[in-house]
Amino acid sequence: MDNEELKEEPQLLPKPRRNKFKAGVITGVFATLLAGIVLFVFFTTITGTVISVQPGGSAENPASVLSGKVLSKINELIGYINLYFYEDVEDERLANGIYSGLLSSLDDRYTDYYTEQEYADLQIAATQNYCGIGAGLSQDRESMVVTVSRVYEGTPAEEAGLKKDDVLVMVEDIESTSMELSDLVTHIRGEEGTAVHLQVLREGEADYLEFDVRRENIDLPTVEYKLLGDRIGYIHILEFGAPTIKQFDAAVKALEGQGMQALLLDVRDNPGGMINAVNGVLDAMLPEGTMVYTQDKYGQRQTYSSDEEHQMYYPTAVLINGNSASASEILAGAIRDFEYGTLIGTKTFGKGVVQSIIPLSDGDAIKLTTAKYYTPKGENIHGTGIEPDIELKYEYLGEAQGEYDELKDNQVQKAIEVLEKEISAQQ
C-alpha cells in the first residue's frame, strides 16, 4: 500500500450522471452474477491474504450478502430490468455499476471504484506530469461547485481563454458538481493533442461560455517562491505531489542565497496530495519526532517521523484557509504541535482520513478509506479542521481586477508583521 492518497480532491466518489441508474441494481446484480459461482476468492492487497467466500456465509464472511433471500430478490429485479428497461444495457456497464455501487454503499465520499482506464488516469495525478490543459481547480465542500483557481501561463487553458474564478459547469457531458474534483480531473485529462469540451459560467456574462481546450503534456510546478522585502522567504505550495520535496528544497536554497531570515509557507487552497511529499517537507523543517501517524480499525499504527539532520531554524508562519485539506492539514498540525510556527488565516477543511489505492487482479482498482490520521499530539481533525493561532479572514487590499500582489494580501501582511517581530526578538 505504497500509493496512499490523502488529497481532498479533492477529492473522489460519485460517478458521472450517465451512470446514475447503477445504484438501484448494485447489490442485486452483484449477487446474481455470482449466484452460479460455488467459490469466490476475494484478494486484498491490504493484508496479503486470500479469503474463501461462499454464498450464505457468516457475519464475518464477505459473501453473507449473498443469502437466498437476496438472490431471490435480485433475480426478480434483473427480470424486470430485462423486460421493461427502455434500453438494452451492456454487461460491462452493469458490471462496473455493480462494483462501484457496492463501494458506494459504504457511504464514504472518499471511497470509489475505478475501471482500468480510470485507474490509469488517476495515477497520472500523482506525477504532476500529464496531458492536461494547465488550469488549477478548486471545489466547494458543500455545494460541490468547481471554480478555476488559477490559469498557468503559456498553457492551452490560457490560450483558450479560461480565466481565474470561472465556474466550471460541464466537462463533456458530465456535470462538474456530480463528482469529487479528483474524479472530475481524470475526465479533463486525456490523450495528448485531443480536446476536452468545457462549459463555463463567468461573472458578467449572460450565458454559458463554451471552450474546446487542447490537451498537452504539461509539467506543472507545485512550489512557487519569492523574497518579500529583504528577509521574508515566501513559499507557496500549490499541491503535495511527486516533485514537491525537490522543488521545496530548491526554493529554500534559493531564498537562503537571497538573505532569507524567516519563512512564510502558504498552503491556502492546497487540496493535499501525497503523504510522502508533505512528510518530506516537514522533515526538512522539524526536529526529531513524530510528524503524523495513521491508525486503522485494527489498531495498527504507522508512524512518520522526522530526524534532526535537515532541521531549519527560521521563524515560521503558515497561511491556511477552509480549502487547506488533508496533507496541508498534516503540515499545519505538525507545525502547531511542535510549536514550530504560527498558523494564520481561517480554519482548515477537516479531512483526517487516509485513502489507499488497491489494484485489482484484472487491472481495475479501488480507492478505499483505510485509516485515520492523527497529529503528533494525537488529534484526529476529521470533520473539525485545524484552528489558526491568529484568525483573519482573507481580504485583498489591491485592485480587484489587477495582478495579484502578495504584499496587498491582508493575511500575508499579518504574517510579515508576526515574522518581523520574531526576527527582531532574535537580534
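Above this text is the structure in question.
Now for a description of the structure that goes with this document. (Residues numbered from 1 in each chain as written. Predicted model: local features only at pLDDT ≥ 70, side-chain atom pairs only at ≥ 80, totals over all residues. Heavy atoms only, no water.)

## Observations regarding the packing of helix α8 (residues 275-283) against helix α9 (residues 327-337)
Relative to each other, α8 and α9 sit at 30 degrees, their axes nearing to 9 Å. Of the possible angle classes, the one that applies to α8 and α9 is roughly parallel. Relative to α9, the crossing made by α8 is right-handed. Every residue of α9 that contacts α8 at I275, V278, N279, V281 and L282 is listed here: A327, I330, L331, A334 and I335. Here the contact of α8 with α9 is built from residues that sort into nine nonpolar, one polar and no charged. (Axes fitted to C-alpha atoms, helices over the stretch in contact; angles between N-to-C directions. Helix = DSSP H or I, 4+ residues; strand = E, 2+ residues; numbered from the N terminus. Parallel < 35°, antiparallel > 145°, perpendicular 65-115°, else oblique. Left-handed = near helix turned anticlockwise from the far one by under 90°. Contact = heavy atoms within 4.5 Å. Nonpolar A, V, L, I, M, F, W, Y, C, P; charged D, E, K, R; others polar.)

## Re the environment of G352
Following the sequence through the fold, G352 ends up in the loop between β19 (342-345) and β20 (353-359). Remark: the alpha-carbon pair of G352 and G385, spanning 33 residues in sequence, is separated by 8.2 Å. For G352, the contacting residues outside a window of four places in its chain are K372, Y373, N380, I381 and H382.

## Regarding a nonpolar patch on the surface
Residues Y80, L83 and Y84 make up a contiguous nonpolar surface patch of roughly 410 Å² in combined accessible area. Mapped onto the elements, Y80 comes out in helix α2 (residues 68-84). (Patch = residues over 30% accessible without salt bridge, like charges linked within 9 Å, V, L, I, M, F, W, Y side chains within 5 Å. Areas by Shrake-Rupley, 256 points an atom, 1.4 Å probe, with all protein chains shown as cover. Salt bridge = Lys/Arg side-chain N within 4 Å of Asp/Glu carboxyl O.)

## Quick look at the pattern of salt bridges
Summed over the entire model, instances satisfying the criterion amount to 14 salt bridges. The shortest N-O distance in the salt bridge between R109 and E180 comes to 3.0 Å. With R109 in the loop between α3 (91-104) and β4 (112-114) and E180 in the loop between β9 (174-175) and α6 (181-188), this pair connects stretches of sequence that are 71 residues apart. Of the charged contacts in the structure, one is a salt bridge between E216 and R214, with a shortest N-O distance of 2.3 Å. Note on R214: relative accessible area 33%, which makes it partly exposed. Overlapping salt bridges bring together E159, R214 and E216 as one network. (Buried < 20%, exposed > 50% of the residue type's maximum accessible area, 1.4 Å probe, protein only.)

## Points about unusual backbone geometry
Unlike most non-glycine residues, D107 shows phi in positive territory, near 55 degrees. Note on D107: relative accessible area 73%, which makes it exposed.

## Brief notes about the packing of helix α7 (residues 244-257) against α8
Helix-helix packing is characterised by the crossing angle of the two axes and by the distance between the axes. For the pair α7 and α8, interaxial distance at closest approach is 8 Å and the crossing angle is 25 degrees. Of the possible angle classes, the one that applies to α7 and α8 is roughly parallel. Note that α7 runs across α8; the crossing there is right-handed. Contacts between α7 and α8 involve T244, I245 and F248 from the first element and N276, A277, G280 and V281 from the second. Grouping the amino acids of the contact of α7 with α8 by side-chain chemistry returns four nonpolar, three polar and no charged.

## A word on α2
Compared with an ideal rise of 1.5 Å per residue, which puts 17 residues at 24 Å, α2 spans 24 Å between its outermost C-alpha atoms and is within 8% of the ideal. Within the span of α2, buried status applies to L71, I74 and I78. Viewed end-on, α2 has its buried residues packed into an arc of 60 degrees, placing them on one side of the element. Pointing more than 90 degrees away from the buried face of α2 are the exposed residues K69, K73, L83 and Y84. (Expected span 1.5 Å × (residues − 1). Arc of directions from axis to C-beta.)

## Some remarks on the nonpolar core
One finds I235, F248 and M285 to be the most contacted residues of the largest nonpolar core, which totals 40 residues. Among the elements of the structure, β14 (232-237), α7, β15 (262-266), α8, β16 (289-295), β18 (316-320), α9 and β21 (365-374) are those that each provide at least two residues to this core. For this core, the leading source of residues is α9, giving six residues. Contact partners of I235, with chain neighbours within four places excluded, come to V223, E224, Y225, F248, A251, V252, L255, L263, L264, L265 and D266. By size, the runner-up hydrophobic cluster in this structure holds 21 residues, among which are A135, V171, M179 and L181. (Core = buried A, V, L, I, M, F, W, Y, C linked by side-chain atoms within 4.5 Å.)

## A short note on the pairing of β15
Counting buried residues along β15, five of its five residues qualify, which places the element largely inside the surrounding structure. Of the two faces of β15, the one carrying A262, L264 and D266 and the one carrying L263 and L265 are both buried. Here β14 runs beside β15; their pairing, made up of five bridges, is parallel. The residue bridging I235 from the neighbouring strand is L265, located in β15. Crossover β14 to β15 through α7 is right-handed. (Pairing = 2+ DSSP bridges. Right-handed = clockwise from strand over helix to strand, strands pointing away.)

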